[in-house]
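Residue-level structure breakdown
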Amino acid sequence: MDDRFNTIAGWVLFAGIVALGSSIVAGEVFHSERPEKMGYPIEGVAEEGEGGAAAEQPIEAYLAKADPAKGQQVFNKCAACHNADKGGANQLGPNLWDVIGEPIGQGKGFAFSDALSKKGGTWNWDNLSQWLSSPKAFAPGTKMTFAGLGNPQDRANVIAFLNSHSDAPKPLPTAPAPATAAGAGPNNGPQKAEKEPVLTEQQAGKNPKNVGGEGAPKIAGPASTKTN
């Protein structure tokens, strides 16, 4: 009985030694260090806080260099639902001829959603850019399913294209003037030095060097004696 127990214990011990040895060998063969950055990078997607995009400027800055021809190319994405032809029929979306200056969500015999028709106001450079950026954000509940144009220059080009489709296109805005640096003021030329204080007779008398010139005060003193 004791021999059988010893035999089983020996085999168990041997199996443990083999398992431990295999683990050590495998660790040496397949050793890998922890990567500096965890996860898998996705091409074209910048990490948060790393090389963030520049802040978007007002749409007028992009309209100043907008190209209606490029805008027509971008507008092709909208052609399935819209046209910008004079007298063109409404499609899934309204006709967009002469849209700049039109009431928002009104007219043209089109059934606009309440979300858009209740916005009020007229289409201008700024709100049209907001609409093209994200219709759902501009008018929550709109029937417009287009996701929007994230590139502000694309939006400006489309707006320039739509503006050209009018009997009286509006002049595109110019780029806004750069902001003046804080504390900077107009250049008025060299500044005059402040007037120097005028010394009194008593103060000047203490230092003879201060006396002289046409404006120097006279100092009263004992009369000199003349000897023969």
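Please refer to the structure higher up on the page.
All of these numbers come straight from a predicted model, not from anything done at the bench. (Residues numbered from 1 in each chain as written. Predicted model: local features only at pLDDT ≥ 70, side-chain atom pairs only at ≥ 80, totals over all residues. Heavy atoms only, no water.)

1. Concerning the overall build of the protein chain
Looking only at helices and strands, the protein chain has eight helices and zero strands in total. When the helices and strands of the protein chain are listed from N to C terminus, the series reads α-α-α-α-α-α-α-α. Going through the 228 residues of the protein chain one by one, you find that 23% of them count as buried. In the protein chain, of all internal contacts separated by at least 6 residues, the share reaching a separation of at least 24 is 44%. Here the protein chain displays about 17600 Å² of accessible surface, and carbon together with sulfur accounts for 56% of that area. (Helix = DSSP H or I, 4+ residues; strand = E, 2+ residues; numbered from the N terminus. Buried < 20%, exposed > 50% of the residue type's maximum accessible area, 1.4 Å probe, protein only. Contact = heavy atoms within 4.5 Å. Areas by Shrake-Rupley, 256 points an atom, 1.4 Å probe, with all protein chains shown as cover.)

2. Observations concerning the pattern of salt bridges
Using the criterion set out here, one finds four salt bridges in the structure. Of the charged contacts in the structure, one is a salt bridge between Arg 155 and Glu 56, with a shortest N-O distance of 2.5 Å. A residue pair is termed long-range when its members are at least 10 positions apart, and Arg 155 in helix H7 (residues 152–164) and Glu 56 in the loop between helix H1 (2–29) and helix H2 (59–63) qualify at 99 residues. Between Lys 108 and Glu 102 there is a salt bridge whose closest N-O contact spans 3.2 Å. (Salt bridge = Lys/Arg side-chain N within 4 Å of Asp/Glu carboxyl O.)

3. Some points on the packing of aromatic side chains
Centre distance and the angle of the planes are the two values used to describe a pair of aromatic rings. Considering all chains together, one arrives at five aromatic pairs under this definition. By way of ring pairs, the aromatic residues Trp 123, Trp 131 and Phe 138 are connected into one cluster. Over the ring of Phe 138 we find Lys 119; its NZ or CZ atom is 4.3 Å from the centre of that ring. (Phe/Tyr/Trp six-rings, centres within 6.5 Å; stacked < 30°, edge-to-face > 60°. Lys NZ or Arg CZ within 6 Å of the ring centre and 35° of its normal.)

4. Quick word on the side chain of Ser 117
Mapping Ser 117 onto the fold places it in helix H4 (residues 114–117). The contacts of Ser 117, once residues within four sequence positions are left out, are Ile 104, Gly 105, Gln 106 and Phe 112.

5. Brief notes about the packing of helix H3 (residues 68–75) against H7
For the pair H3 and H7, the least separation of the axes is 7 Å and the interaxial angle reads 100 degrees. Considering the angle they form, H3 stands roughly perpendicular to H7. Residues Pro 68, Lys 70, Gly 71, Gln 72, Val 74 and Phe 75 of H3 touch H7, and the partners they reach there are Asp 154, Asn 157, Val 158, Ala 160, Phe 161 and Leu 162. When the residues that make up the contact of H3 with H7 are grouped by side-chain class, the tally is seven nonpolar, three polar and two charged. (Axes fitted to C-alpha atoms, helices over the stretch in contact; angles between N-to-C directions. Parallel < 35°, antiparallel > 145°, perpendicular 65-115°, else oblique. Nonpolar A, V, L, I, M, F, W, Y, C, P; charged D, E, K, R; others polar.)

6. A closer look at the environment of Ser 133
Structurally, Ser 133 can be placed in helix H5 (residues 125–133). For Ser 133, a relative accessible area of 30% gives the class partly exposed. Spatially, the C-alpha atoms of Ser 133 and Leu 149 are 4.8 Å apart, while their sequence positions differ by 16 residues. Not counting residues up to four positions away in its chain, the partners in contact with Ser 133 are Ala 147, Gly 148, Leu 149 and Arg 155.

7. Some remarks on a nonpolar patch on the surface
Together, Trp 11, Phe 14 and Val 18 give the surface a local cluster of nonpolar side chains, amounting to about 350 Å² of exposed area. One can find Phe 14 in helix H1. For Phe 14, a relative accessible area of 48% puts it in the partly exposed group. (Patch = residues over 30% accessible without salt bridge, like charges linked within 9 Å, V, L, I, M, F, W, Y side chains within 5 Å.)

8. Re H7
For H7, which comprises 13 residues, the first-to-last C-alpha distance of 18 Å matches the rise-based estimate of 18 Å (1.5 Å per residue) to within 8%. Here H7 lies mainly inside the structure; 11 of its 13 residues are buried. Here H7 has its buried residues at Pro 152, Gln 153, Arg 155, Ala 156, Asn 157, Val 158, Ile 159, Ala 160, Phe 161, Leu 162 and Asn 163. Looking at the buried side of H7, the elements it contacts are H2, H3 and H5. (Expected span 1.5 Å × (residues − 1).)

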